[in-house]
Amino acid sequence: MLHAMGSEQNKAVVKAFIQAVNQRDWGRLDELLAPDFARHTSTSGQPQIRSRDQLLAFLAGEAVTFPDAHETIHFLVAEGDMVAVHSGFRGTQRGPMGPFPASGRTLTADLISIYRVAKGRIAEAWVEWDCLSGLIQLGHHAPPSDSLDREQPRMDRMHTDKMKGETRIDANNERGRGTQKIFEPLICADGKSIE
C-alpha cells in the first residue's frame, strides 16, 4: 500500500507542476523542481535543459511566445517514482519561436511526458511532441502536399527486392524513366527486419 501512496503523491506533484506552468507561477515551480532538474527530448529544435533555472528560463520564454498557452492533462499513469502524462497543449503564437516570427496562429499538440519524482520534487522529465505538425500549424513549414515536387512520378509497378531488402517503384515522368527506392525495411533491435 505504501507503493501506491507514493505513486499517488508523485501524480499530485506532476499535476501541481502543470497547474503552476499554466498559471505562470514561477515561485511554485521553483518549489516543485529539483535544483539539478534535467529535461530530455529528441524533438528537433528543443534545448536540452540541465537545471531548474534553465527550465524556468525556457518556460518564461515559452510564455512570451504563447501567452495564452494552456496544457490539459488527458491522463496520468504512475509507478514508483515515475509518472507518465498524456496531455494536450494549446496556444497562440504571439512572439518569436527560435528563428520563426510570431504568426498569430494557434498551435494544438499532444504531448507525451514522463516525469521522475524524487523527494517530492520533479528531478527529471522526458517530453516528446510532433514538432513538424506544430510548424505546419503555425505556418512556418509547408504541409507535405504543398512541399512535394509538382511533377509526381507515375507508379507503373512496385516490386520488392528481398535480396537487397528494398522496395522500389518504376516510374515515368518528364525527366525520363527510372527506378526510385521508396523505403528500406525497418530493422528491430534484434537485427530482424519487419516486412
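Residues numbered from 1 in each chain as written. Predicted model: local features only at pLDDT ≥ 70, side-chain atom pairs only at ≥ 80, totals over all residues. Heavy atoms only, no water.

### Comments concerning the overall build of the protein
Moving on, step 1. Looking only at helices and strands, the protein features 5 helices and 10 strands.
Moving on, step 2. Counting only residues that meet the buried cut, the protein has 34% of its 195 residues in that class.
Moving on, step 3. Restricting to contacts in the protein with at least 6 residues of sequence separation, those with at least 24 account for 45%.
Moving on, step 4. For the protein, the accessible surface area stands at approximately 12100 Å², while carbon and sulfur atoms represent 55% of it. (Helix = DSSP H or I, 4+ residues; strand = E, 2+ residues; numbered from the N terminus. Buried < 20%, exposed > 50% of the residue type's maximum accessible area, 1.4 Å probe, protein only. Contact = heavy atoms within 4.5 Å. Areas by Shrake-Rupley, 256 points an atom, 1.4 Å probe, with all protein chains shown as cover.)

### Observations concerning the confidence of the model for the protein
Moving on, step 1. Summarising the model, the protein shows a mean pLDDT of 81, and 71% of its residues fall at 70 or more.
Moving on, step 2. The low-confidence segment residues 150-195, where pLDDT is below 50, has 65 contacts with residues more than four positions distant or belonging to other chains. (pLDDT = per-residue confidence, 0-100.)

### A few points about the packing of aromatic side chains
Moving on, step 1. All chains considered together, the criterion is met by 2 aromatic pairs.
Moving on, step 2. When the centroid spacing of 5.7 Å and the interplanar angle of 65° are considered together, the rings of Phe17 and Tyr115 count as edge-to-face. Residue Phe17 is located in helix H1 (residues 2-23), and its partner Tyr115 is located in strand E4 (residues 106-118); the two are separated by 98 residues in the primary sequence.
Moving on, step 3. On the accessibility criterion, Phe17 (7% relative accessible area) is buried.
Moving on, step 4. On the basis of an interplanar angle of 85° and a centroid distance of 5.5 Å, the ring pair of Phe66 and Phe89 is categorised as edge-to-face. With Phe66 in the loop between helix H3 (52-65) and strand E2 (70-79) and Phe89 in strand E3 (residues 82-92), this pair connects stretches of sequence that are 23 residues apart. Both residues of the pair, Phe66 and Phe89, count as buried. (Phe/Tyr/Trp six-rings, centres within 6.5 Å; stacked < 30°, edge-to-face > 60°.)

### Observations regarding the side chain of Ser51
Moving on, step 1. Along the chain, Ser51 falls in the loop between strand E1 (33-40) and H3.
Moving on, step 2. Given a relative accessible area of 18%, Ser51 falls into the buried group.
Moving on, step 3. From its side chain, Ser51 meets the backbone nitrogen of Gln54 in a polar contact 3.0 Å long.
Moving on, step 4. Those residues in contact with Ser51 that sit more than four places away from it in its chain are Pro35 and Phe37. (Polar contact = N/O pair within 3.5 Å; in protein donor to acceptor, adjacent residues only side chain to side chain.)

### Some remarks on the sheet that holds E2
Moving on, step 1. Strands sit in the order E1-E5-E4-E3-E2 across an open sheet of 5 strands; the sheet is mixed. For this open sheet the edge positions go to E1 and E2, each flanked by a neighbour on one side alone. Adjacent strand axes in the sheet meet at a mean angle of 20°, parallel and antiparallel pairs treated alike.
Moving on, step 2. Of the strands in this sheet, E1, E3 and strand E5 (121-128) touch H3, which is tilted by about 65° from E1. (Pairing = 2+ DSSP bridges. Axes fitted to C-alpha atoms, helices over the stretch in contact; angles between N-to-C directions.)

### Describing the nonpolar core
Moving on, step 1. Residues Val14, Phe17, Leu29, Leu33, Leu55, Tyr115 and Ile122 are the most contacted members of the largest nonpolar core, which totals 24 residues.
Moving on, step 2. Only H1, helix H2 (26-32), E1, H3, E3, E4 and E5 provide two or more residues apiece to this core.
Moving on, step 3. When sequence neighbours within four positions are dropped, the list of residues in contact with Leu29 reads Phe17, Ala20, Val21, Leu56 and Leu59. (Core = buried A, V, L, I, M, F, W, Y, C linked by side-chain atoms within 4.5 Å.)

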